[in-house]
Amino acid sequence: MKLVILGSGTSTGVPMVGCRCPVCSSSDPHDKRSRTSLLVETKGKNIIVDTSTDLRQQALREGIEHIDAVLFTHSHSDHVNGIDDLRGFHFIHRNIVPCYGDDATMAAIVGRFPYIFKGLEVEGYAPLMEAHSITGRFDLFGCSITPVPLQHGYLMSTGYRFNNSAYLTDCSAIPDSSFPLLDGLELLIIDALRYSPHENHFHIDAALKAVARIRPKRTVLTHLTHEVSHNDSFRLPPGSEFAYDGMTFEL
Ligand SMILES: [Zn+2]
Ligand SMILES: [Zn+2]
Ligand SMILES: [Zn+2]
C-alpha cells in the first residue's frame, strides 16, 4: 500500500492570495501547500480522501490516471469543491465512482451537487458518483478501512484508518470512544493547522498532546496554514514532521 499526501494546506492554500508573509513568499517548494487530501494506492486501485479544491492539479502532479473510490471526511468546501474534476476521468473510463462518508456528510454533498449523483439528462451529463453511507469498518480493494469519528468544532468529521495507518484531518478533539480505533499505528497523519489555538482545528501543541496518547511510530502534521514554515520541522519532537504536497509513504 502506498499513501501520498495530495495536499497539506488549510482551506486558503499556501501561499494565500494577497499575502506577502515569509512563508507565502518562501522559495521552498515544501511551503507550497494545496488543499488537504490523501491518495491511498492499494493493489493497483486509487482511493482518494476528499475531492479537494485542487484535485485537478494534484492528479496531474502525481500522474493519477484513474480514481476508483472516494472517502469523504466532512462537507466543508475545501474538501469537496474539486468534485467536478472527476469528469475528466469519467470521459476516459466511463465508471461511476463509489464514494463513502457518514450520513450527514453524504446528505450535504448530494444536496449541493445533485448533478454529480443523478446526472443531467437534458444536457447529456452522466452521473459521476454513487453515494454510500458508512457506519463501521469495511473493506475496499483488500484494504481494511475503519472510520474514526472526530469532533471538528461544531460538527463531526470522519478520520480513516487504513490497516496500520490513520488519517485524521479536520479535528479539534478526538472522542474517548475513538482512541481504541487508533491502537498500534505505524503512521498517523493528523490535523495541526498552526501554532496558535483555533476553535475548529487542533493547533500544533494540541495535536502533539493527542499524539502522545495515541503513540504511533511516526507522526505527520497536516492541514497547515502560512504560520508554519517547513524549515521549522526541527522544532517538533522526534518522530514528528510536517506534511508536504507529494510526501509519500510505502507501507
Ligand atoms: Zn502568508
Ligand atoms: Zn473542515
Ligand atoms: Zn479543512
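Attention in this report is confined to the structure presented alongside it. (Residues numbered from 1 in each chain as written. Chains lettered and ligands numbered in written order. Predicted model: local features only at pLDDT ≥ 70, side-chain atom pairs only at ≥ 80, totals over all residues. Heavy atoms only, no water.)

### Quick notes on the overall build of the chain
The line we're drawing: Numbering of helices and strands starts at the N terminus; helices are DSSP runs of H or I of at least 4 residues and strands are runs of E of at least 2. Put simply, the radius of gyration uses C-alpha atoms, and a globule should come to 2.2 Å times the residue count raised to 0.38. Relative accessibility under 20% of the residue-type maximum defines a buried residue, over 50% an exposed one, and the middle range a partly exposed one, all with a 1.4 Å probe and only protein chains included. Working rule for contacts: check all heavy atoms of both residues, and any pair within 4.5 Å makes them a contact. Only the protein chains shown count as covering a residue, and every accessible area follows the Shrake-Rupley method with a 1.4 Å probe.
Along the backbone of the chain there are 6 helices and 14 strands. Its C-alpha radius of gyration of 17 Å places the chain within 12% of the 18 Å reference for a compact globule of 251 residues. In the chain, which comprises 251 residues, the proportion classed as buried is 53%. Sequence separation of at least 24 residues holds for 63% of the intrachain contacts in the chain that already meet a minimum separation of 6. Of the roughly 11100 Å² that the chain leaves accessible, carbon and sulfur atoms contribute 52%.

### Structural notes on unusual backbone geometry
Here Val 14 and Pro 15 are connected by a cis peptide whose omega angle stands at 0°. A positive phi is found at Asn 163, a non-glycine position, where the angle reads about 50°. With respect to the helices and strands, Asn 163 occurs in the loop between β9 (155-162) and β10 (165-168). Located in the positive-phi region is His 223, a residue other than glycine, with phi close to 55°. Exposure remark for His 223: the relative accessible area of 1% places this residue in the buried category.

### Observations regarding the coordination of the zinc ion (ligand 1)
Here is the rule: Coordination shells were defined by N, O and S atoms within 2.8 Å of each metal, extended to 3.2 Å for Na, K and Ca; water is absent from the atom set, which can make sites look incomplete. By the criteria applied here, four donors are tetrahedral when all angles lie between 85 and 135 degrees, four are square planar and six octahedral when opposite donors are over 155 degrees apart and every other angle lies between 65 and 115, and any other arrangement is irregular.
Around the zinc ion (ligand 1), the donor atoms from the protein are Cys 19 (SG), Cys 21 (SG), Cys 24 (SG) and His 226 (ND1), and they sit 2.1 to 2.3 Å away. The site at the zinc ion (ligand 1) holds 4 donor atoms, and with the angles between them running 105 to 114°, its shape is tetrahedral. Of note, the zinc ion (ligand 1) draws all its donor residues from one chain, in the sequence arrangement C-x1-C-x2-C-x201-H. Each member of the pair Cys 21 and Cys 24 is classed as buried.

### Looking at helix α4 (residues 103-112)
The line we're drawing: Our arc is simply the arc of the directions from the helix axis toward the C-beta atoms.
Listed as buried for α4 are Thr 105, Met 106 and Ile 109. The arc enclosing the buried residues of α4, seen along the axis, measures out at 95°, which places them on a common side. Along α4, exposed side chains directed more than 90 degrees from the buried face belong to Asp 103, Ala 104, Ala 107 and Gly 111.

### Thoughts on the sheet that holds strand β11 (residues 187-191)
Note the following rule: Here, strands pair whenever DSSP counts at least two bridges between them. Axis lines are fitted to C-alpha atoms, over the contacting stretch for helices. Their N-to-C directions set the angle, which ranges from 0 to 180 degrees.
Taken in spatial order, the 7 strands of this open sheet run β7-β8-β9-β10-β11-β12-β13, and their pairing is mixed. The sheet terminates laterally at β7 (138-140) and β13 (240-242), the two strands that pair on one side only. Between one strand axis and the next, the sheet turns by 25° as a mean value, whatever way the strands run. Note: β10 against β11, 4 bridges, orientation parallel. In the sheet register, Leu 168 faces β11, and the bridge partner there is Ile 190. Where helix α6 (residues 204-214) meets the sheet, it contacts β11, β12 (218-222) and β13, and its direction lies at approximately 150° from that of β11.

### Describing the coordination of the zinc ion (ligand 2)
Protein coordination of the zinc ion (ligand 2) is provided by His 74 (NE2), His 76 (ND1), His 152 (NE2) and Asp 170 (OD), with donor distances spanning 2.1 to 2.3 Å. Between the 4 donor atoms coordinating the zinc ion (ligand 2), the angles at the centre fall across 92 to 172°, so the site counts as irregular. Read from N- to C-terminus, the donor residues coordinating the zinc ion (ligand 2) fall into the pattern H-x1-H-x75-H-x17-D. Distance-wise, the zinc ion (ligand 3) is placed 3.5 Å from the zinc ion (ligand 2), both being coordinated by Asp 170. Here the residue His 76 occupies a position in the loop between β4 (69-71) and α2 (77-80), and Asp 170 occupies one in the loop between β10 and β11, the gap between them amounting to 94 residues. Given the relative accessible area of 21%, His 76 is considered partly exposed. By relative accessible area, which is 1% here, Asp 170 ends up buried.

### Some words on the side chain of Thr 105
Its location among the elements puts Thr 105 in helix α4. Residue class for Thr 105 comes out buried when judged on its relative accessible area of 4%. In this structure, Thr 105 is in contact with Phe 72, Thr 73, His 74 and Ser 75, ignoring residues within four places of it in sequence.

### Description of the pattern of salt bridges
What counts, and what does not: Salt bridges are counted wherever a side-chain nitrogen of Lys or Arg sits within 4 Å of a carboxyl oxygen of Asp or Glu.
Across all of its chains, the model carries 10 salt bridges by this definition. The salt bridge partner of Asp 54 is Arg 35, with a shortest N-O separation of 2.7 Å. Of the two residues, Asp 54 sits in the loop between β3 (45-49) and α1 (55-62) while Arg 35 sits in the loop between β1 (2-7) and β2 (37-42), which places them 19 residues apart along the sequence. Taking relative accessible area as the criterion, Asp 54 reaches 17% and is therefore assigned buried. Using a relative accessible area of 17% as the deciding quantity, one classes Arg 35 as buried. With a closest N to O distance of 2.9 Å, Glu 62 and Arg 61 form a salt bridge. Given the relative accessible area of 37%, Arg 61 is considered partly exposed.

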